[in-house]
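For reference, the chains in residue letters:
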Amino acid sequence: MRLAIPARGRPLWLITLADLSLLLVGFFVFMQATSHKNAAQQAAIGAGIRQAFGGHPADPLPVDANAVTGFAAGGADLPPGIAAIAAWASEATRDPRTRLIVTGYADASAADRLDGSGLALAGLRADRVAAAMTGAVSADRIRTAAVVIPGMRRVTLTISFDP
């Protein structure tokens, strides 16, 4: 009876080293690609990266997000806990190059409308949350938007980097 000796493979640390090396090469390629002094080239690279991750090329680069939920159907009264969201927004927008985008949502149901318009209700929700944020974030750094999407009754707050 003969014992089979297993074939000797490569050590596991070699695979980890190869992964690390590829990550480092990718990082340096990315750094080189974004180190252009030309502002137009930097903007084109940023727009390409945003588009590759599903964003529109003209959108600002989002860096953090939060949401205000708990709106009643057809209502725009602020739910409890808005002070905690304002504290978060204040902390998240410490960098003066950031902006706060407040997007109100209304679902497409007949009950979630203001004077027959879901978009008007979504806008009112966004405006009320933005008004609650003005003590924590400068009003000139807040932008609002409104969207009607089935099943969505909330307001999202997105911190964007807008150099």
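Residues numbered from 1 in each chain as written. Predicted model: local features only at pLDDT ≥ 70, side-chain atom pairs only at ≥ 80, totals over all residues. Heavy atoms only, no water.

**Side note on the pattern of salt bridges**
- Going through the model one piece at a time under the given rule, you end up with five salt bridges.
- A salt bridge links Arg 128 to Asp 77, with the nearest nitrogen and oxygen atoms 3.5 Å apart. One end of the pair, Arg 128, is in helix α4 (residues 118-133); the other, Asp 77, is in the loop between β1 (61-68) and α3 (82-92), and 51 residues separate them in sequence.
- Notably, a salt bridge pairs Arg 97 with Asp 95, separated by 2.8 Å at the nearest N-O pair.
- For Arg 97, a relative accessible area of 44% puts it in the partly exposed group.
- Accessibility expressed as a relative area gives 26% for Asp 95, which makes it partly exposed. (Salt bridge = Lys/Arg side-chain N within 4 Å of Asp/Glu carboxyl O. Helix = DSSP H or I, 4+ residues; strand = E, 2+ residues; numbered from the N terminus. Buried < 20%, exposed > 50% of the residue type's maximum accessible area, 1.4 Å probe, protein only.)

**Remarks on the packing of aromatic side chains**
- Tallied over the full model, the rule gives one aromatic pair.
- When the centroid spacing of 5.5 Å and the interplanar angle of 65 degrees are considered together, the rings of Phe 27 and Phe 28 count as edge-to-face.
- For Phe 27, a relative accessible area of 44% puts it in the partly exposed group. (Phe/Tyr/Trp six-rings, centres within 6.5 Å; stacked < 30°, edge-to-face > 60°.)

**Let's talk about the sheet that holds strand β4 (residues 155-161)**
- The strand order across the open sheet formed by four strands is β1-β4-β2-β3, and the pairing between neighbours is mixed. Looking at which strands have only one partner, the edges of the open sheet turn out to be β1 and β3 (142-148). Mean inter-strand twist for the sheet, computed between neighbouring axes without regard to direction, equals 25 degrees.
- Taken together, the seven bridges between strand β2 (residues 98-106) and β4 define a ladder with antiparallel strand orientation. Paired with Arg 99 across the bridge in β4 is Ser 160. (Pairing = 2+ DSSP bridges. Axes fitted to C-alpha atoms, helices over the stretch in contact; angles between N-to-C directions.)

**Describing the pairing of β4**
- Counting buried positions along β4 yields five of seven residues, so the element is predominantly enclosed.
- Direction of pairing for β1 relative to β4: antiparallel, over a ladder of seven bridges. Looking at β4, one finds that Val 68 is bridged to Val 155.

**Things to note about the environment of Leu 100**
- Mapped onto the secondary structure, Leu 100 falls in strand β2.
- The class of Leu 100 is buried, set by a relative accessible area of 0%.
- Along the chain, Leu 100 and Thr 156 lie 56 residues apart, while their C-alpha atoms are 10.0 Å from each other.
- Residue contacts for Leu 100: discarding those within four places in its chain leaves Ala 89, Thr 93, Met 133, Val 137, Arg 141, Ile 142, Arg 143, Leu 157, Thr 158 and Ile 159. (Contact = heavy atoms within 4.5 Å.)

**Quick word on the nonpolar core**
- Ranked by size, the top nonpolar core spans 18 residues in total, and within it Val 68, Leu 100, Val 102, Val 129, Met 133, Ile 142 and Leu 157 carry the most contacts.
- When contributions to this core are tallied by element, the ones reaching two or more residues are α3, β2, α4 and β4.
- Here this core gets five residues from one element, more than from any other, and that element is α3.
- Excluding its chain neighbours within four sequence positions, the residues that come into contact with Ile 142 are Leu 100, Val 102, Ala 130, Met 133, Thr 134 and Val 137. (Core = buried A, V, L, I, M, F, W, Y, C linked by side-chain atoms within 4.5 Å.)

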